[in-house]
Amino acid sequence: MKPAIQLTGVSKVYKDKKAVDELTLTIAEGTVVALLGPNGAGKTTTVSMILGMHQPTKGTVKLLGDDPRKQHVRDRIGAMLQDVSVIDGLKVGETIELFRSYYEKPLALDYLLKVSNLEAERNKLATALSGGQQRRLGFALALAGDPEVIFLDEPTVGMDVTSRQLFWDTVRAMAGRGRTIVLTTHYLDEADSVADRIVVINNGRIIADGTPSEIKAETTGRVISFIAGPSVTTESLQELPDITSIEWSGRRVKLSSGNTDKLITLLVEKRFEMRDIEIQSGGLEDAFQALVQQANQ
Ligand SMILES: Nc1ncnc2c1ncn2[C@@H]1O[C@H](COP(=O)(O)OP(=O)(O)OP(=O)(O)O)[C@@H](O)[C@H]1O
């Protein structure tokens, strides 16, 4: 499989902050890759270097085998970034038409309106769209030139459930047509269901890389959850060994651990007040929390 994106020893330093640290990553054509990481991990910086918007302090970036700033490369990529800038005075349909006119073989206007769920807004001024609708317009604009590589930076923020579903169906359909898709998201369930590969970044470095099931398997962690009695506090739980994360939802507490057998024994021995106990295999969310926590230790 030919690489669509190649980063070799890429670093980006802003004044005294190393946002990206010696990142080496190859993304094959036709794959959907999710870049995950906590706030400030370096995801957006990485994407902006792949797009040629920022220059690396060190290392090399190749997009479709060449410098991302070259016009023939730019013509073959589409990006939906966090800020969508709409053009004053243009309607939705006109905005999409304008973007289509930049490309040799654009996708049809009707198709773009359909997949962005903006058919009803076609004659509205783009500036009059809601935040979620503007993001969907950003998606239509990113796809306008039928790009070979598509970048989606936190694409579904502010989208309603129907638009989100349609959005991911379209992304999968684009991947089915051999397009390469790189996305960043904080919605791990979306990454789990849509990505072929997940790359976890923390402090500018890759801390895990694999299929969603490989990432989940990497942390053998499982989850114990129970409804906690009044005496159970975060502090009392933190005294127990092997807990990788503690999450509360009302009085239900969810504990992730690499050794749930030992943990449940300790919880019983130490007479923690518990009812309605459940033990589950950890999902991507738990694997992600555990990976970031391990990396920060
Ligand atoms: N233009 C800039 N000048 C200085 N520091 C910057 C700049 N852009 C990013 N940074 C810093 O670089 C680090 C990585 O930021 P980046 O936006 O790439 O993270 P991210 O993983 O995309 O985060 P988020 O999930 O919050 O979007 C952060 O510490 C951020 O404060």
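Going by what an unreviewed UniProt entry lists, the protein is known as ABC transporter ATP-binding protein and is assigned to Paenibacillus albus.

Trainee: Looking at this model, I keep getting lost on the site of the ligand. Mind explaining?
Mentor: Taken together, Tyr-14, Lys-17, Ala-19, Gly-37, Asn-39, Gly-40, Ala-41, Gly-42, Lys-43, Thr-44 and Thr-45 make up all the residues around the ligand. Every element with two or more residues in the shell around the ligand is listed here: β2 (17-28) and α1 (43-50). With three residues, α1 is the single largest residue contributor to the shell around the ligand. For the shell around the ligand, the per-class residue count stands at three nonpolar, six polar and two charged.

Trainee: For this particular structure, what's the right way to read helix α11 (residues 284-296)?
Mentor: The periodicity of an α-helix, 3.6 residues per turn, causes residues three or four positions apart to be oriented the same way. Between its first and last C-alpha, α11 extends 18 Å over 13 residues, near the 18 Å set by a 1.5 Å rise per residue. Taken together, the buried positions of α11 are occupied by Leu-284, Asp-286, Ala-287, Phe-288, Ala-290, Leu-291 and Val-292.

Trainee: What's the story with the environment of Lys-114 in this structure? I'm lost.
Mentor: Here Lys-114 shows up in helix α4 (residues 109-115). Counting along the chain gives 26 residues from Lys-114 to Ala-140, while the straight-line C-alpha distance between them is 9.0 Å.

Trainee: Looking at this structure, how should I read helix α5 (residues 131-143)?
Mentor: Over its 13 residues, α5 runs 19 Å from end to end, which matches the ideal 18 Å to within 8%, given 1.5 Å per residue. Within α5, eleven of the 13 residues are buried, leaving the element largely enclosed by the surrounding structure. For α5, the full list of buried residues reads Gln-133, Gln-134, Arg-135, Arg-136, Leu-137, Gly-138, Phe-139, Ala-140, Leu-141, Ala-142 and Leu-143. The elements touched by buried residues of α5 are β5 (77-80), α3 (92-100), α4, β6 (149-153) and α6 (161-176).

Trainee: What should I look at first to understand the packing of α3 against α5 in this one?
Mentor: Each pair of packed helices gets described by two things: the angle between the helix axes and the distance between those axes. Closest axis-to-axis distance for the α3/α5 pair is 9 Å, and the angle between their directions is 25°. The orientation of α3 with respect to α5, classified from their angle, is roughly parallel. Handedness of the crossing formed by α3 with α5: right-handed. Judged by residue contacts, Val-92, Thr-95, Ile-96 and Phe-99 of α3 engage Leu-137, Ala-140 and Leu-141 from α5. The residue makeup of the contact of α3 with α5, split by class, is six nonpolar, one polar and no charged.

Trainee: Looking at this structure, I do not really get the sheet that holds β2. What am I missing?
Mentor: Paired through their backbone hydrogen bonds, the strands of a sheet run either parallel or antiparallel. Pairing is antiparallel in the open sheet, where three strands are placed in the order β2-β1-β4. Both edges of this open sheet fall to β2 and β4 (58-63), since each of them pairs with a single strand only. Shown here is a sheet whose adjacent strand axes are inclined to one another by a mean of 20°, direction ignored. Sheet topology note: the strand β1 (residues 3-14)/β4 ladder contains five bridges and is antiparallel. Bridge assignment links Gln-6 to a residue of β4, and that residue is Lys-62.

Trainee: What is the right way to look at the nonpolar core in this model?
Mentor: Where a protein is soluble and globular, its nonpolar side chains tend to be buried together. Within the largest apolar cluster, 67 residues are counted, with the highest numbers of intra-cluster contacts made by Ala-140 and Val-200. When neighbours within four sequence positions are excluded, Ala-140 is seen to be in contact with Ile-96, Leu-112, Leu-113, Ser-116 and Leu-118. Counting eight residues, the second largest nonpolar core, distinct from the first, contains Phe-226, Ala-228, Leu-255 and Leu-267.

Trainee: Even after reading the chapter, I still don't get the domain arrangement of the protein, so can you show me in this structure?
Mentor: Many descriptions give the size of an interface as the accessible area lost when the pieces come together. Its domain assignment divides the protein into domain 1 (3-211) and domain 2 (220-281). Distance between the C-alpha centres of domain 1 and domain 2: 39 Å.

Trainee: I'm lost on the sheet that holds strand β12 (residues 252-257) in this one. Help?
Mentor: Overall, antiparallel pairing links the four strands, which are arranged β11-β12-β10-β13 in an open sheet. Bordering the open sheet on either side are β11 (243-249) and β13 (274-281), each of which pairs with just one other strand. Within this sheet the neighbouring strands show an average axis-to-axis angle of 20°, counted without direction. Alignment of β11 against β12, held across six bridges, turns out to be antiparallel. Looking at β12, one finds that Ile-246 is bridged to Leu-255. Across the sheet, helix α10 (residues 260-269) lies against β10 (222-228), β11, β12 and β13, angled at about 20° from β10, the strand it touches most.

Here is what the cut-offs are and how they apply
Residues numbered from 1 in each chain as written. Predicted model: local features only at pLDDT ≥ 70, side-chain atom pairs only at ≥ 80, totals over all residues. Near = placed C-beta within 6 Å. Helix = DSSP H or I, 4+ residues; strand = E, 2+ residues; numbered from the N terminus. Nonpolar A, V, L, I, M, F, W, Y, C, P; charged D, E, K, R; others polar. Expected span 1.5 Å × (residues − 1). Buried ≥ 20, exposed ≤ 12 C-beta atoms within 10 Å, placed from the backbone. Contact = placed C-beta atoms within 7 Å. Axes fitted to C-alpha atoms, helices over the stretch in contact; angles between N-to-C directions. Parallel < 35°, antiparallel > 145°, perpendicular 65-115°, else oblique. Left-handed = near helix turned anticlockwise from the far one by under 90°. Pairing = 2+ DSSP bridges. Core = buried A, V, L, I, M, F, W, Y, C linked by C-beta atoms within 7 Å. Domains from an automatic or database assignment.

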